[in-house]
Amino acid sequence: MEQPSATDVAVVGVTKRFGDVTAVHKVSLDVAHGEFLTLLGPSGCGKTTTLNIIAGFLRPDDGQILLGGQRVDHLPPYRRDTAMVFQQYALFPHMTVAENIAFGLQMRKAPKAEIVTRVQRALEIVRLPGLGDRRPSQLSGGQQQRVALARAIVVEPTVLLLDEPLSNLDLKLRENLRLEIKRVQRELGITAIYVTHDQGEALVMSDRIAVMNQGVVEQLGPPTEIYEEPRTAFVAEFIGTSNFLRGRLDGVEEETANIVLADGVQLRARRRPDGPTDGEVLVMVRPEHLALGGGNGTDGRANELRALVKEVVYLGSYIRFVAELATGDTVTVEEMNLPGAVRAGIGESVTLRVAPEHCLLLARPER
Amino acid sequence: MRPVFLVTPALVYLVVLCFIPDVIMLALSVFEYRDGVIYPGFTFEHYVGFLTDSFYLNILLRTLYLAFGVGVLTVLIGYPVAYFLVRGRSRFKGLVLMLVLMPLLASVVVRTFGWLVLLEPQGLVNQLLDVVGLGPVTLIRNYTGVFIGLVHVYLPYSILSIMASLSTVHPSLELAAQNLGAGRVAAFRRVTLPLTLPGMVTGFALTFALVLSAYATPRILGGRTVHTTATQIYDQMLFLLNWPLAGAIAVIVLVISLVVLWVTSRVQGKLVIA
Amino acid sequence: MTVAAEHRRIRVAGYVSPTRAWLERSLLTILYRVALGLILTFIAAPIVVVFIASVNETQYLRFPPAGFSTRWWEAALTERWMGPTWLSLRLAAVTAVMSSILGTLAALGIYRGSFRGRDALLAALLSPLILPQIVTGAAMLQFFALIGLRDVLGFPALLLGHIVITLPYAIRTVMVSLHGLDRRLEWAAQDLGANPVQTFVRVTLPLIKNGVFAGAVFAFIVSFNDVPISLFLGRPGNIPIPIAILGHVESRFDPAVAAVAVVTIAIVLALIAIAERFARVSEFIYQQER
Ligand SMILES: Nc1ncnc2c1ncn2[C@@H]1O[C@H](COP(=O)(O)OP(=O)(O)O)[C@@H](O)[C@H]1O
Ligand SMILES: [Mg+2]
């Protein structure tokens, strides 16, 4: 194995403004050799801008870019060892598939014979052997994106940059290709920065995810951490489905906290060391951690909430209940659809139970 | 930075060979002119002369009148052709389009020569008129011939302008009007026609401005008897060598064209150019 | 509802018999078609007669034609006419090349630039299209005369003048192509290691080729057919073909001119046919309207 500690890409405190808009604000990232890092966030949060700054298409207003340990932010794109896969493919329409893939190698003055074999191999890697003589316009969207991938990997860049490469494709193809891209990246051991607004894509493909919001990296970590330990309400809301209960802090211990909801109900929640210490807070609960029904099997530790069922959605393997608490907050509950599972009808009053370790204390964002 | 640098050669070229000459011409037009010699000075006498002398004023007014008439007629007869080319479903459409664009490929001189063949005292048109009993009519060396020739020369510009406008009006609008009870004529008159007014105005304005500076057609079909602003510029320049007066006429033509095109551009919110 | 009950329905004009409806329709259609036919005849007539007159036996074209003759062609294909034609051909070719080079660079600069006054600069570069050409021609003659360069009159002056009026065409067609060019293609090229020059040669130029070609073709045609500039900038024995024809037909009627005219039309058509093999030039005729 390669040393996992070697840093291929470092983004250090990069800021970029367009007029009054701050597209990227003090973003810092480290990407290890062979790592697959995803920039995840809603449209307009600055993902493309960050990628374009790394590639050199844009100059940052502040901060540094390092590739393989060397500063490159003064270098034009063609002197940086990056390769980008664009959202709209950006294949050269006047060249054949093979010519497209050969382009980067020609620019690097590779010998003709080597170009031929490497183009051949790249086509095999992306599973398009024999399509070298086609024009991009003669290929389907999925095939075009494979060519774009081949064109980028064939130059063996220090870092492969992918800007929402799948967002123009239909769902089936998307799911297929995300595995393909991941496979190619893993097989070649290539370092990659992947931009997407699709949390599913990010969770499946990434070694680490950087969740971006309004030009800022809100959280950077492995998918499990992002999902299970969101640090901000934004991250919790953007990844997966979350319920938020509004309350006030009423006593903090080392790893737990007591919260009083608006209707006076007491709740115990898990608190991270850097979590809030007083004031108005949010308690985040995932729908699958909320359980419907009475006190059987209780160990006395679980939080209990009274709620009124507003809606029941049958989803096959599980059932989703939407219920309203006395505080006015709405929560979503997901129950596995197993024999003997608790059922409730619309209008029914129910008790919801959730273990304290599944209640995560978060700061309430200022609105 | 670099992009500006790329523009520099073209810009310098135009400044030296177009803008500076224009400024020089403007300057010359206020210089004095006595007995074939130009003296530096500052006088509006050439402008005043041109605009008050009944001979010259007549030329200007007749040219404006001609430009107006040609502009109106090119729009009127250009419209059906444009309509056919945009809305028609005939298989001859491509052929008609070629026919319309064809004249743009031939020199004005060539096209006008064609009219000379047709309009001559013994030409085909007079032969035809003879058969119908309308007798021989003088169609060249007068304004009639010039008018016919100019309409032909500038018709394609009007057709293209109207086509551009027409293609932005979705056919469903006319169908919607018909669906609301308008007859075909009413639907056209109440919906399509007003919506394509910009194209018609553009066509008219372009033609108007171009006629003011049209030289070949008035000269060939009008002979030495028909004078227009353009033929006057030429004659003053090369026969009478009165450059200040030629400059003054040129400036007047320039100003009128620019005003017409500028007003049209402002009204339509886009640049109108040939 | 009560309001609706009081409301009287207004109906469309009402029933007409099928025959009447058909008559109304046909009458309209016939009127429209007749008008169209007459207008198209008007458009085609002068060009058609030039072709016929060039092979007509007699000097004046009458109907029915008197007979076939090649004597006008024999007169046309002499040095007297082919000299100016050859001059025009060279002039148009050089004009087209020069305009395309200057115009392509300028269009790229304008399109890429984000400097202030960009729109004003574009307007300035396109202004020869707005200025009456006869004014431009006259002004250039005065200019050359005043700076003591009467010697350039003839081919050099014609060339300089023709570039002025054809430059805007080149700029506009290239601008149209650039509008259709995805900026990311150039980014992709640079990302793969192509420097600005390589990017231009390998990616940008091939992708705006149609526009450059179209601009060159337009420039050629405008130059080849030009009257208002050539009127002032030629010199005896050194005049382009439209001016030669103009000077000749002013004084007399000579069917040899018809044959010469056919030659000029043929040259332009041949050029377009050749250009069309290399690039889709014709599609730019529409895009010009903007
Ligand atoms: N060239 C530009 N000029 C002005 N604003 C821009 C430009 N590029 C991006 N922006 C703005 O910067 C912000 C981030 O854009 P972008 O990086 O494209 O977001 P994302 O890729 O995450 O959707 C947006 O508000 C966008 O409007
Ligand atoms: Mg983006």
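Note that this is a predicted model, so its numbers are computed, not measured.

Criteria and thresholds
- Residues numbered from 1 in each chain as written.
- Chains lettered and ligands numbered in written order.
- Predicted model: local features only at pLDDT ≥ 70, side-chain atom pairs only at ≥ 80, totals over all residues.
- Heavy atoms only, no water.
- Helix = DSSP H or I, 4+ residues; strand = E, 2+ residues; numbered from the N terminus.
- Buried < 20%, exposed > 50% of the residue type's maximum accessible area, 1.4 Å probe, protein only.
- Contact = heavy atoms within 4.5 Å.
- Lys, Arg positive; Asp, Glu negative; His and termini not counted.
- Charge placed at Lys NZ, Arg CZ, Asp CG, Glu CD.
- Buried area = accessible area lost by both parts, 1.4 Å probe.
- Salt bridge = Lys/Arg side-chain N within 4 Å of Asp/Glu carboxyl O.
- Polar contact = N/O pair within 3.5 Å; in protein donor to acceptor, adjacent residues only side chain to side chain.
- Core = buried A, V, L, I, M, F, W, Y, C linked by side-chain atoms within 4.5 Å.
- Pairing = 2+ DSSP bridges.
- Axes fitted to C-alpha atoms, helices over the stretch in contact; angles between N-to-C directions.
- Domains from an automatic or database assignment.
- Nonpolar A, V, L, I, M, F, W, Y, C, P; charged D, E, K, R; others polar.
- Patch = residues over 30% accessible without salt bridge, like charges linked within 9 Å, V, L, I, M, F, W, Y side chains within 5 Å.
- Areas by Shrake-Rupley, 256 points an atom, 1.4 Å probe, with all protein chains shown as cover.
- Phe/Tyr/Trp six-rings, centres within 6.5 Å; stacked < 30°, edge-to-face > 60°.
- Lys NZ or Arg CZ within 6 Å of the ring centre and 35° of its normal.

Peer 1: Describe the overall build of chain A, naming the residues involved and giving the relevant values.
Peer 2: From N to C terminus, chain A includes eight helices and 20 strands. With the C-alpha coordinates aligned to their principal axes, the bounding extent of chain A is approximately 75 × 45 × 40 Å. Expressed as a percentage of the 367 residues in chain A, the buried residues total 51%. Across chain A, contacts joining residues at least 24 apart in sequence account for 66% of those joining residues at least 6 apart. Seen as two clouds, the 41 positive and the 47 negative side-chain charges of chain A have centres 6 Å apart.

Peer 1: Explain the interface of chain B and chain C to me, using residue names and the numbers behind them.
Peer 2: Across the contact, 84 residues belong to chain B and 84 residues belong to chain C. Buried surface at the junction of chain B and chain C, both sides included, amounts to about 7,600 Å², of which 80% is carbon and sulfur. Of all residues in chain B, Tyr13(B), Leu105(B) and Phe113(B) bury the most surface against chain C, accounting for 9% of the area lost on that side. For the pair chain B and chain C, the number of links is one salt bridge. Between Arg224(B) and Glu250(C) there is a salt bridge whose closest N-O contact spans 2.4 Å. Inspection of the chain B/chain C interface yields six residue pairs in polar contact (both at pLDDT 80 or more). Ranked by the residues each element gives to the side of chain B that touches chain C, the list is headed by helix 1 (residues 2-28) of chain B, at 19 residues.

Peer 1: So what's going on with the side chain of Gln145(A)? Residues and values would help.
Peer 2: All names here are of chain A. Among the structural elements, Gln145 can be located in helix 4 (residues 141-153). One polar contact links the side chain of Gln145 to the main-chain carbonyl oxygen of Phe86, over a distance of 3.3 Å. With near-sequence residues (within four places) excluded, Gln145 lies in contact with Val85, Phe86, Gln87, Tyr89, Pro165 and Leu177.

Peer 1: Outline the interface of chain C and chain A, listing residues and values.
Peer 2: Taken together, the contact between chain C and chain A spans 17 residues of the former and 25 residues of the latter. Here chain C and chain A share an interface that buries about 1,900 Å² over both sides, 66% of which is from carbon and sulfur atoms. Considering only the surface of chain C that becomes buried against chain A, Asp191(C), Leu192(C) and Arg202(C) emerge as the three largest contributors, covering 38% of it. Along the contact surface separating chain C from chain A lie zero salt bridges. The interface formed by chain C and chain A includes six residue pairs in polar contact (both at pLDDT 80 or more). Mapped onto the side of chain C that touches chain A, the elements with two or more residues apiece are helix 8 (183-191) and helix 9 (196-225) of chain C.

Peer 1: Outline the nonpolar core, supporting the account with residue identities and numerical values.
Peer 2: If you look at the biggest cluster of nonpolar residues, it comprises 250 residues, and the most contacted ones within it are Ile193(A), Phe232(C) and Leu233(C). The biggest single contributor to this core is helix 3 (residues 54-87) of chain B, with 14 residues. What Ile193(A) contacts, discounting residues up to four positions off in sequence, is Val9(A), Val31(A), Leu37(A), Leu39(A), Leu51(A), Ile54(A), Val159(A), Leu160(A), Leu161(A) and Leu162(A). In this structure, Leu249(A), Val281(A), Val283(A) and Leu361(A) belong to the second largest nonpolar core, which totals 27 residues.

Peer 1: Tell me what's going on with the sheet that holds strand 4 (residues 62-67) of chain A, and back it up with residues and numbers.
Peer 2: Residue and element names in this part refer to chain A. What the four strands build is an open sheet, ordered 2-1-4-5; its pairing is antiparallel. Across the chains shown, the open sheet's two edge strands, defined by having one partner strand only, are strand 2 (21-32) and strand 5 (70-71). Here strand 1 (residues 7-18) runs beside strand 4; their pairing, made up of five bridges, is antiparallel. Each bridged residue has a counterpart across the sheet, and for Ala10 the counterpart in strand 4 is Leu66. On top of the sheet, helix 1 (residues 47-55) reaches strand 1, strand 2 and strand 4; it is set at about 120° to strand 1, its chief contact.

Peer 1: Give me the domain arrangement of chain C: which residues, what numbers.
Peer 2: Residue and element names in this part refer to chain C. Partitioning chain C into structural domains gives domain 1 (3-54) and domain 2 (72-289). Inter-centroid distance (C-alpha atoms) of domain 1 to domain 2 is 41 Å. Between domain 1 and domain 2, a total of about 500 Å² is buried, with carbon and sulfur atoms accounting for 77% of that surface. When the buried area of domain 1 at its contact with domain 2 is split by residue, Val50, Phe51 and Ser54 rank highest and sum to 78% of it. At the junction of domain 1 and domain 2, the tally comes to zero salt bridges. Applying the counting rule to domain 1 against domain 2 returns one residue pair in polar contact (both at pLDDT 80 or more). Its residues placed into classes, the side of domain 1 that touches domain 2 shows four nonpolar, one polar and no charged.

Peer 1: If you had to explain a nonpolar patch on the surface to someone new, which residues and values would you point to?
Peer 2: Where nonpolar side chains cluster on the molecular surface, the patch consists of Val255(B), Val259(B), Trp262(B), Val263(B) and Val267(B) and spans about 490 Å² of accessible area. Summarising the element assignment, Val255(B) is placed in helix 13 (residues 243-268).

Peer 1: So what about the side chain of Arg271(A)? Which residues, and what values?
Peer 2: All names here are of chain A. Note that Arg271 resides in the loop between strand 13 (266-270) and strand 14 (280-285). Look at Arg271: it is buried, it has no salt bridge, and the nearest opposite charge is Asp274 at 7.0 Å. Within polar-contact distance, the side chain of Arg271 engages the backbone oxygen of Pro276 at 3.0 Å. When residues no more than four places from it in sequence are discounted, the contact partners of Arg271 are Val252, Glu253, Glu254, Glu255, Thr256, Ala257, Pro276, Thr277 and Leu361.

Peer 1: So what's going on with the packing of aromatic side chains? Residues and values would help.
Peer 2: Applying the stated rule across the entire model yields 23 aromatic pairs over all chains. On the basis of an interplanar angle of 25° and a centroid distance of 6.1 Å, the ring pair of Phe57(A) and Phe86(A) is categorised as stacked. One end of the pair, Phe57(A), is in the loop between helix 1 and strand 4; the other, Phe86(A), is in the loop between strand 6 (82-85) and helix 2 (97-107), and 29 residues separate them in sequence. Looking at Phe57(A), the relative accessible area reads 12%, which means it is buried. According to the relative accessible area criterion, Phe86(A) is buried, its value standing at 3%. Their ring planes at 80° and their centres at 5.6 Å tell us that Phe68(B) and Phe204(B) sit as a pair that is edge-to-face. You can see Phe68(B) sitting in helix 3 and its partner Phe204(B) sitting in helix 10 (residues 197-212), a full 136 residues away along the chain. Overall, Phe204(B) belongs to the partly exposed group, its relative accessible area being 22%. Three or more aromatic residues joined by ring pairs make a cluster, and in this case those are Tyr79(B), Tyr83(B), Phe188(B) and Tyr32(C). Above the plane of the ring of Trp81(C) lies Arg80(C), whose end atom (NZ or CZ) is 4.4 Å from the centre.

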